[in-house]
Amino acid sequence: MRLFLALEPPAELRDALGRLGDIAQARCGGRRMPTASLHLTLAFLGEVDETQVPALRAWVAERPIAAATWQLDTWGTFQRPAIVWVGGQAPDARLIALHQAVWDGLAAFGFNDRPARFVPHVTLLRRAQRLATSELPAVDLTWPYQQLSLVHSSLDHQGARYTTLARSPIA
Ligand code: ATP
Ligand code: MG
């Protein structure tokens, strides 16, 4: 099954991100991520054998992460998959440390696809028709986080559907 590790935004922030998605879509076109699906991916695991899932669930459910806040202050785009996102202008040291810690832990399960570069971002639009973000309103959002989520992504005719399988304990 297709899995990834992510941070899920608190409800109020999720709604604010959803409103930015609407504004971005009006200008850039493309497919807006459903508000309920908005997230920050820390590690994409891809296809994972079912037999590994209980251990992954237990690992996530037993280890608290360091709580912190992430400041979102910029629009960004990824050209090739035509994605419009929001995130931080400067690399966020605590998120980079969390990304490292997560991949260190995953190595024990045999996941070694740690990416060389990590750009923390929240995807708002996919297959955007215009990667034009310069006239979009300024981003100024604060994301307090304290839990890591293990998420199952299943594809149906509408696209990906996410189900959270486990969350880390609150420290
Ligand atoms: P769809 O693929 O139908 O457009 P999706 O991208 O939301 O939907 P997934 O492909 O299952 O769903 O991806 C789940 C999460 O993992 C998303 O945040 C996605 O950006 C990220 N992701 C997917 N593939 C990769 C990859 N090869 N490397 C890094 N992150 C990935
Ligand atoms: Mg995808």
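Scroll up to find the structure this text is about.
Residues numbered from 1 in each chain as written. Chains lettered and ligands numbered in written order. Predicted model: local features only at pLDDT ≥ 70, side-chain atom pairs only at ≥ 80, totals over all residues. Heavy atoms only, no water.

**Q** Explain the sheet that holds strand E6 (residues 83-87) to me, using residue names and the numbers behind them.
**A** The four strands lie next to each other as E2-E7-E6-E5, forming an open sheet whose pairing is antiparallel. With one partner strand each, in any of the chains shown, strand E2 (31-32) and strand E5 (74-78) form the two edges of the open sheet. Relative to E6, E5 runs antiparallel, the two sharing five bridges. Bridge pairing in E6 places phenylalanine 78 opposite isoleucine 83. (Pairing = 2+ DSSP bridges. Helix = DSSP H or I, 4+ residues; strand = E, 2+ residues; numbered from the N terminus.)

**Q** Report on the pairing of E6, specifying residues and quantitative values.
**A** Judged by how many residues are buried, E6 sits mostly within the fold: five of five residues are covered. Burial of E6 is two-sided: the residues Ile83, Trp85 and Gly87 facing one way and the residues Val84 and Val86 facing the other way are all buried. Where E5 hands over to E6, the hairpin turn is made up of four residues, of which alanine 82 adopts a positive phi near 55°. (Buried < 20%, exposed > 50% of the residue type's maximum accessible area, 1.4 Å probe, protein only.)

**Q** Just give me the short version of the environment of leucine 42, but keep the residues and values in it.
**A** Note on placement: leucine 42 falls in strand E3 (residues 40-47). Separated by 41 residues in the primary sequence, leucine 42 and isoleucine 83 have C-alpha atoms spaced 17 Å apart. Ignoring anything within four residues of it in the chain, the contact list for leucine 42 reads Leu5, Ala6, Leu7, Leu95, Leu98, His99, Trp103, Phe118 and Leu148. (Contact = heavy atoms within 4.5 Å.)

**Q** Tell me about the side chain of histidine 152, and please be specific about residues and values.
**A** Within the secondary structure, histidine 152 sits in strand E9 (residues 149-156). With relative accessibility at 18%, the residue histidine 152 sits in the buried group. Those residues in contact with histidine 152 that lie beyond four places of it in its chain are Met1, Arg2, Leu3, Arg161, Tyr162, Thr163 and Leu165.

**Q** Run through the site of ligand 1, naming residues and quoting values.
**A** Every residue near ligand 1 is listed here: Arg2, Phe4, Arg31, Met33, His39, Thr41, Phe44, Arg126, Ser153, Leu155, Ala160 and Tyr162. In this structure, arginine 2 approaches ligand 1 through a side-chain N or O atom, which is 2.6 Å from an oxygen atom. Contacts to ligand 1 include arginine 126, whose side-chain N or O atom sits 3.0 Å from an oxygen atom. Elements supplying a minimum of two residues to the shell around ligand 1: strand E1 (2-7), E3, E9 and strand E10 (159-167). Residue classes in the shell around ligand 1 are distributed as six nonpolar, three polar and three charged. (Near = heavy atom within 4 Å. Polar contact = N/O pair within 3.5 Å; in protein donor to acceptor, adjacent residues only side chain to side chain. Nonpolar A, V, L, I, M, F, W, Y, C, P; charged D, E, K, R; others polar.)

**Q** Please give an account of the environment of proline 34 that cites residues and values.
**A** Positionally, proline 34 belongs in the loop between E2 and E3. Spatially, the C-alpha atoms of proline 34 and glutamate 47 are 23 Å apart, while their sequence positions differ by 13 residues.

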